[in-house]
Amino acid sequence: MKKLENKVAVITGATSGMGLETAKLFLAQGAKVVLTGRSQEKLDALNGQLEGDYLLVKADAASISDSKKLVNQTVEKFGKIDILFLNAGIFKAAPAGMIEESLFDEIYNINVKGPLFTVNEAVSQLNPGGSVIFNTSVSGVKGMPGVSVYGSSKAAIRSIVRTLAAELAPQNIRVNAVSPGPIETPIWSKTNLTEEQIGGFSEGVSAQVPLGRFGKEVEVANTVLFLASNDASYITGAEVPVDGGLAQV
Ligand SMILES: NC(=O)c1ccc[n+]([C@@H]2O[C@H](COP(=O)([O-])OP(=O)(O)OC[C@H]3O[C@@H](n4cnc5c(N)ncnc54)[C@H](OP(=O)(O)O)[C@@H]3O)[C@@H](O)[C@H]2O)c1
């Protein structure tokens, strides 16, 4: 039996990486899925390419008015929301002494303000029994050079998860996070680092991961499916690591 039959799921930042992989898995498990992205071109490229019942919505994760539009379009097409995966995010690095205000604002607007306000807009449309899942990061709990802005944005989300879990428990809505370690996704080609810096980072981090490798998108998607489904019915307020042991061992 499919795990998400007739559930309505919204996934932000679903035009690539873990978001897209999760959308495919959710569709295969019977969900109706709303995929968002900020690039119309990337959304158009997905049109007709996925199996199942889905809607593509252009919405900048950092824009509150786009979040409102996203919720309205979802409700109009599919009715109320059962699963909300706040996945859209960016990774950029800068060591102390090199941090520009614009970098801070960009990261916090997309990684913190956006997900919180999307929940703020969606909360009245969430069905009891629903599941909200955020995408945090190992950088939220481990000190890694250059990631004070990114890491703290994910640590802020960890705190938001705890608060929203307490707030929404009376409505039987669970709120959790998946916390990836280094995962092979297109995010690495979108950072402000040079290829050489990414190569160095990648080698260094792989050596620290007990399982000795980068993770795969599907390894995160499988965990998001677990948190979204009834299999995780007694789990709320948690951050589930999918990090090859990086922050655990
Ligand atoms: N990959 C890792 O190692 C890793 C580790 C820990 C946590 N994470 C987190 O995992 C999440 C997914 O990342 P990923 O690795 O799968 O990266 P990805 O392949 O770059 O996917 C990120 C998605 O978010 C979208 N996005 C970015 N900014 C957006 C905005 N302002 N509005 C709407 N959509 C936006 C991207 O669209 P565009 O392609 O148009 O930018 C893309 O669809 C992020 O929150 C990231 O911080 C990643």
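Parameters and conventions
Residues numbered from 1 in each chain as written. Predicted model: local features only at pLDDT ≥ 70, side-chain atom pairs only at ≥ 80, totals over all residues. Near = placed C-beta within 6 Å. Helix = DSSP H or I, 4+ residues; strand = E, 2+ residues; numbered from the N terminus. Nonpolar A, V, L, I, M, F, W, Y, C, P; charged D, E, K, R; others polar. Expected span 1.5 Å × (residues − 1). Contact = placed C-beta atoms within 7 Å. Buried ≥ 20, exposed ≤ 12 C-beta atoms within 10 Å, placed from the backbone.

A. Structural view of the site of the ligand. Taken together, 29 residues surround the ligand, and among them G13, G17, G89, T185 and I187 come closest. Elements with a minimum of two residues in the shell around the ligand: α1 (17-28) and β2 (32-37). With three residues, the single largest contributor to the shell around the ligand is α1. A per-class count over the shell around the ligand returns 12 nonpolar, 13 polar and four charged.

B. How the structure looks around helix α5 (residues 148-168). The first and last C-alpha atoms of α5 sit 30 Å apart over 21 residues, in line with the 30 Å expected at 1.5 Å per residue. Buried residues in α5 make contact with α4 (101-122), β5 (126-135), β6 (174-180) and β7 (239-242).

C. How the structure looks around the environment of V220. Following the sequence through the fold, V220 ends up in helix α7 (residues 217-228). Leaving out residues up to four positions away in the same chain, V220 has contacts with M18, V178, P180, I183, G215 and V242.

D. Fine view of α7. Compared with the 16 Å implied by 1.5 Å per residue over 12 residues, the 16 Å span of α7 between its first and last C-alpha is a close match. Listing the buried residues of α7 in full gives E217, V220, A221, T223, V224, L225, L227 and A228.

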